[in-house]
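# Tertiary structure, described
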Amino acid sequence: MATAKLNKQWFGNVRGDILSGIVVALALIPEAIAFSIIAGVDPMVGLYASFSMAVVIAIVGGRPAMISAATGAMALLMVTLVKDYGLQYLFATTILTGVLQLLFGVLGIARFMKFIPRSVMIGFVNSLAILIFMAQVPHFIGINTTTYIVVGVTLAIIYLFPLITKAVPAPLVAILAVTIISLFLHIDVRTVGDLGEIKQALPTFLLPNIPLNLETLQIIFPTALALSIVGLLESLLTASIVDDMTDTDSNKNKEARGQGIANIVTGFFGGMAGCAMIGQSVINVKSGGRGRLSTLVAGIFLMFLILVLGDWVVKIPMPALVGVMIMVCIGTFDWSSLRSLTRVPLSDSVVMVVTVIAVVATHNLSIGVFIGILLSAIFFVAKISKVKVEKSTGTTADHTRYTISGQLFFASVTDFTNSFSFENKSKHITLNFTNTHVWDDSAVAAIDKIVLKFKEKGSSVTLEGLNKDSQALMHKLTTNDSAHVNVSNH
Amino acid sequence: MYKKIVVAIDGSDHSFLAAEHAIQLAKLQPGTHVEGIQVLDYEKTKADVLHSSDPIQLQSKRDEKLQRFRDAFEAASIQYKLIMKHGEPAPMILEHARDTRADLIIIGSRGLNPLQEIVMGSVSSRVAKRAKCSVMIVKYLP
């Protein structure tokens, strides 16, 4: 049974998977190089990462047909670490990221994904697009006119070539065309070779050359934690998108564990931390990829291309890569969120915008997500803290009934208490709790206070309609037992 | 005349008009089966998933869009089926028509201008060009 399923995940769609894997490998190369440049490392680090992430995740991932490689979201998080401490610390961070993700997967992180509001996720992808764009600015603004022209030509090819055929990825065609043109015309632009070298060799196993002590851990842990969270966030979002596109389900915790294993292996083979990529996974599914084989082929074919074509990769003009990255930004940004900005509840829009601002200000996606979640939690508390107290005349003239509706907890008790005027002359007071829930000690204390006040005025008080949980809490927490003259439940 | 009609549905008024044509044709001959197919474009999946809190909510949001079509089919009391598939609209509609051995495809025309047609691609003209059965393109006249 399990073997049959695995067999299908691997060999259920051989032709489609091989073809789409090749397409993805071609589309991955420029991105892997560009993300390495963002991180401030040699292109090989991103290429090795893409190779090893794809190959390992094909075997241990939870979502067949999803593509994992070196990504922009991850690259942006390592910039400072690479600048301050260098490559060896990056490898160590990548391994630690993997260990943390593996741990999160084992602990069942997927179940906590539902606590991340969608406005935070929209803010996440939007700010990711903005950050990737900002990272391109130094590579094309104010260098020379030729640079602008090359970027423009690249973008034109990317968006117009699909009108001719969609069989070959347009970004690759653009890169090829622009590279050939610039070689023939000896155009004065910087190339990938100016920013790093391409080794035509397979990655080898290595242990990061760092001191194994507490100080190292203090250096790498914060970055590794941020990487592990951002990596899982993007991977599980991508998994949901692939789920929907293929009308199939996937094991998110297995995917989290898989991401962990893939990053551990990647760190030991000289790669930078990576995660799943929305854009590439969409390309894969669109090109017919459905099984694990597609991801494996993407990784292996990418490595093969580098081994064969490495000499040519260094000749790619930087502005061509910038063009591809601008396309990635446009594809990553959720444009529909701009249209829905005025249609969704104001609090959702505020959360989205604040998440974006926080990320762009700190250059750290994990901080933005954290602030976004915090803010939406506050909004949620504010929303559900509305309580209503309705006053009505009871069965007899000297009987007043108060009906409370809403949630009673720390944020709503002030409003709750202020809703009572103790001018009342009624002899009998009934508080009806049918439409409410008592959540915490603040709520119990507030009820106690009200009951006491009524009693001071000489009225008898009855509490009715408390649900089971609320009753249990009242019983446990109430400080003034005598206050509860009759707790009756209807 | 037609035994099996495939009608392309995208939730728009154009496609509703196409569905109404399918209903009228089906009523002419008892036993005619109508298949309404909605193709969800891969490009829109990311936004769809991002803007919904879970797969179940997403599904019901998509179902809601089809409700008036379902109502119209029910009211006409004809044999029908509503299908949702992921993919590129034109190839998917053609594939479905072929798989179900449809003898007519009905599709609404969005009325694009020539430039839009180049950039966005007209689904109806592509379907008309490649279909192996008859195709009815329903023009929407405002």
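Residues numbered from 1 in each chain as written. Chains lettered and ligands numbered in written order. Predicted model: local features only at pLDDT ≥ 70, side-chain atom pairs only at ≥ 80, totals over all residues.

## Looking at helix 5 (residues 87–106) of chain A
All names here are of chain A. Its 20 residues give helix 5 an end-to-end C-alpha distance of 29 Å, which sits within 8% of 28 Å, the value for a rise of 1.5 Å per residue. Along helix 5, 15 of the 20 residues are buried, which leaves the element largely enclosed by surrounding structure. Two residues or fewer past helix 5, Gly108 is found with a positive phi of approximately 80 degrees. (Helix = DSSP H or I, 4+ residues; strand = E, 2+ residues; numbered from the N terminus. Expected span 1.5 Å × (residues − 1). Buried ≥ 20, exposed ≤ 12 C-beta atoms within 10 Å, placed from the backbone.)

## Re the interface of chain A and chain B
Tallying the contact residues gives 18 residues for chain A and 15 residues for chain B. Considering each element in turn, the side of chain A that touches chain B owes the most residues, five residues, to helix 10 (residues 214–246) of chain A. (Contact = placed C-beta atoms within 7 Å.)

## Regarding unusual backbone geometry
One non-glycine residue with positive phi stands out, namely Ala65(A), at about 80 degrees. Owing to 29 C-beta atoms within 10 Å, Ala65(A) belongs among the buried residues under this scheme. Of note, the phi angle at Arg101(B) is positive, near 55 degrees, even though the residue is not glycine. Tracing the backbone shows Arg101(B) in the loop between helix 4 (89–99) and strand 4 (104–108).

## Here we look at the confidence of the model for chain B
All names here are of chain B. In the predicted model, chain B carries a mean pLDDT of 88, and 93% of its residues have values of at least 70. Mean pLDDT across the elements of chain B bottoms out in helix 5 (residues 114–120) (68) and peaks in strand 1 (residues 4–8) (93). Taken together, the chains of this predicted complex give a pTM of 0.87 and an interface ipTM of 0.86. (pLDDT = per-residue confidence, 0-100.)

## Side note on helix 16 (residues 346–362) of chain A
All names here are of chain A. When the terminal C-alpha atoms of helix 16 are compared, their 24 Å separation across 17 residues agrees well with the 24 Å that a helix rising 1.5 Å per residue should span. Among the residues making up helix 16, those that are buried are Asp348, Val351, Met352, Thr355, Val356, Ala358 and Val359. An end-on view of helix 16 places all buried positions within 165 degrees of arc, on one side of the element. Along helix 16, the residues that are exposed and aim more than 90 degrees away from the buried face are Leu346 and Ala361. (Arc of directions from axis to C-beta.)

## Overview of the environment of Val41(A)
Residue and element names in this part refer to chain A. Mapped onto the elements of the fold, Val41 is located in the loop between helix 2 (14–39) and helix 3 (43–60). For Val41, a count of 25 C-beta atoms within 10 Å gives the class buried. Residues Val41 and Leu96, spaced 55 residues apart in sequence, show a C-alpha to C-alpha distance of 19 Å.

## Looking at the packing of helix 2 of chain A against helix 12 (residues 278–286) of chain A
All names here are of chain A. At a closest axis distance of 8 Å, the pairing of helix 2 and helix 12 adopts a crossing angle of 150 degrees. The pairing of helix 2 with helix 12 is recorded here as roughly antiparallel in orientation. The interaxial crossing formed by helix 2 with helix 12 has right-handed handedness. Residues Ser20, Val23, Val24, Ala27 and Leu28 of helix 2 lie in contact with helix 12, whose contacting residues are Gln280, Ile283 and Asn284. (Axes fitted to C-alpha atoms, helices over the stretch in contact; angles between N-to-C directions. Parallel < 35°, antiparallel > 145°, perpendicular 65-115°, else oblique. Left-handed = near helix turned anticlockwise from the far one by under 90°.)

## Remarks on the sheet that holds strand 3 (residues 79–86) of chain B
Residues and elements named next belong to chain B. One open sheet accounts for five strands, arranged 3-2-1-4-5; its pairing is parallel. Either end of the sheet is taken by a strand with one partner, and the two such strands are strand 3 and strand 5 (134–138). With direction set aside, neighbouring strand axes in the sheet form an average angle of 20 degrees. Note: strand 1 against strand 4, three bridges, orientation parallel. (Pairing = 2+ DSSP bridges.)

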